[in-house]
Amino acid sequence: MVKFLKPNKAVVLLQGSFAGQKAVIMRSFDDGTRDRPYDHCLVASIAKYPKKVIRKDSAKKTTKKSRVKAFIKLVNYNHIMPTRYTLDVDLKDVASTDVLQTRDKKVTAAKETKKRLEEKFKTGKNGWFFSKLRF
């Protein structure tokens, strides 16, 4: 079977508290692990999307509206829907399984992910990923 759930692939989460959110695959585990014997992947996503910025906003207000809140999560393949999009954000060095072992590591990894996603948002590319899904 062809492996198409590769890093930087944009997916939509279908289950859990973040259902309906867009996410990007950081690392995939096609054969599972000892703790999780099923196919799963480590995803990073936006918990709080940036607001719409208009021209008359001040610089301070623009930076505040451009903020995102990120999260990192392990998700079963059955609970994601792949899309045709890819997001070229370098999250490989942030992605590792030991990140989720302690709260401190998870928070620092989420902050690093947040910083990189904000940089990507400010470039203006991949606008689809940074807008809420409406359904």
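In this numbering scheme, every chain counts its residues from 1 along its sequence in written order. At least 70 in pLDDT is required for a residue's local features to be given in this predicted model, at least 80 for side-chain atom pairs to be given and counted, and no such filter applies to totals for whole chains, interfaces and linings, which use all residues. The side-chain figures draw on all heavy atoms in the structure; neither hydrogens nor water molecules are used.

## Notes on helix α2 (residues 103-123)
Going by this rule: Per the convention used, a helix needs a DSSP run of H or I reaching at least four residues, while a strand needs a run of E reaching at least two, with both numbered from the N terminus. By definition here, a helix of n residues has an expected span of 1.5 Å times n minus one. Burial classes: relative accessible area under 20% of the type maximum marks a residue as buried, over 50% as exposed, and values in between as partly exposed (1.4 Å probe, protein chains only). By the convention used here, residues are in contact when the closest approach between their heavy atoms is within 4.5 Å.
Counted at 1.5 Å a residue, the expected span for α2 with its 21 residues is 30 Å, and the 31 Å between its end C-alpha atoms agrees. Ala109, Ala110, Thr113, Arg116, Leu117, Glu118 and Lys120 are the residues of α2 that are buried. In this structure, the buried residues of α2 make contact with β3 (40-48) and β4 (69-76). Just beyond α2, the residue with positive phi is glycine 124, at close to 90°.

## Structural notes on the confidence of the model for the protein chain
Stated formally: A score between 0 and 100, pLDDT records how confident the predictor is in each residue.
Across the protein chain, pLDDT averages 87, with 99% of residues at or above 70. Mean pLDDT across the secondary structure elements of the protein chain bottoms out at α2, with 89, and peaks at strand β1 (residues 9-13), with 93.

## Examining the pattern of salt bridges
Our working definition: Only one rule defines a salt bridge in this text: a Lys or Arg side-chain nitrogen within 4 Å of an Asp or Glu carboxyl oxygen.
Evaluated as defined, the whole model comprises 7 salt bridges. Between glutamate 118 and lysine 114 there is a salt bridge whose closest N-O contact spans 3.0 Å. In this pair, glutamate 118 and lysine 114 are both assigned in helix α2, 4 residues apart and thus about one turn of the helix distant. Taking relative accessible area as the criterion, lysine 114 reaches 27% and is therefore assigned partly exposed. In this structure, a network of salt bridges that share partners links the residues Asp93, Glu112, Lys115 and Arg116.

## Description of the environment of alanine 109
In this fold, alanine 109 is placed in helix α2. By relative accessible area, which is 7% here, alanine 109 ends up buried. Sequence spacing of alanine 109 and leucine 91 is 18 residues, and the spatial spacing of their C-alpha atoms is 9.8 Å. Not counting chain neighbours up to four residues away, the residues in contact with alanine 109 comprise Ile72, Val94 and Val99.

## Section: the sheet that holds strand β2 (residues 22-29)
Pairing between sheet strands relies on hydrogen bonds along the backbone, with the strands arranged either parallel or antiparallel. Which entries qualify depends on this criterion: For two strands to count as paired, DSSP must find a minimum of two bridges between them. Note on geometry: axes are lines fitted to C-alpha atoms, helical ones only across the stretch in contact, with angles between N-to-C directions running from 0 to 180 degrees.
A sheet is described by the order of its strands in space; here 5 strands give the open sequence β4-β3-β2-β1-β5, paired in antiparallel fashion. Single-partner strands in this sheet number two, and they are β4 and β5 (80-86). Along the sheet, successive strands turn relative to each other by an average axial angle of 40°, direction set aside. The pairing of β2 with β3 spans 6 bridges and is classified as antiparallel. Along β3, the bridge assignment pairs valine 24 with alanine 44. Docked against the sheet, α2 engages β3 and β4, running at close to 115° with respect to β4.

## Focus: the nonpolar core
Our working definition: The term nonpolar core refers to a set of buried residues drawn from Ala, Val, Leu, Ile, Met, Phe, Trp, Tyr and Cys, joined through side-chain atoms within 4.5 Å.
Counting 21 residues, the largest nonpolar core has Met26, Leu42, Ile46, Leu117 and Phe129 as its most contacted members. Broken down by secondary-structure element, the contributors of at least two residues to this core are β2, β3, β4 and α2. Those residues within four positions of phenylalanine 129 in sequence are excluded, and the remaining contacts are Lys22, Ala23, Val24, Ile46, Tyr49, Leu87 and Leu117. Leu5, Val11, Val43 and Ile80 belong to the second-largest nonpolar core, a separate cluster that totals 11 residues.

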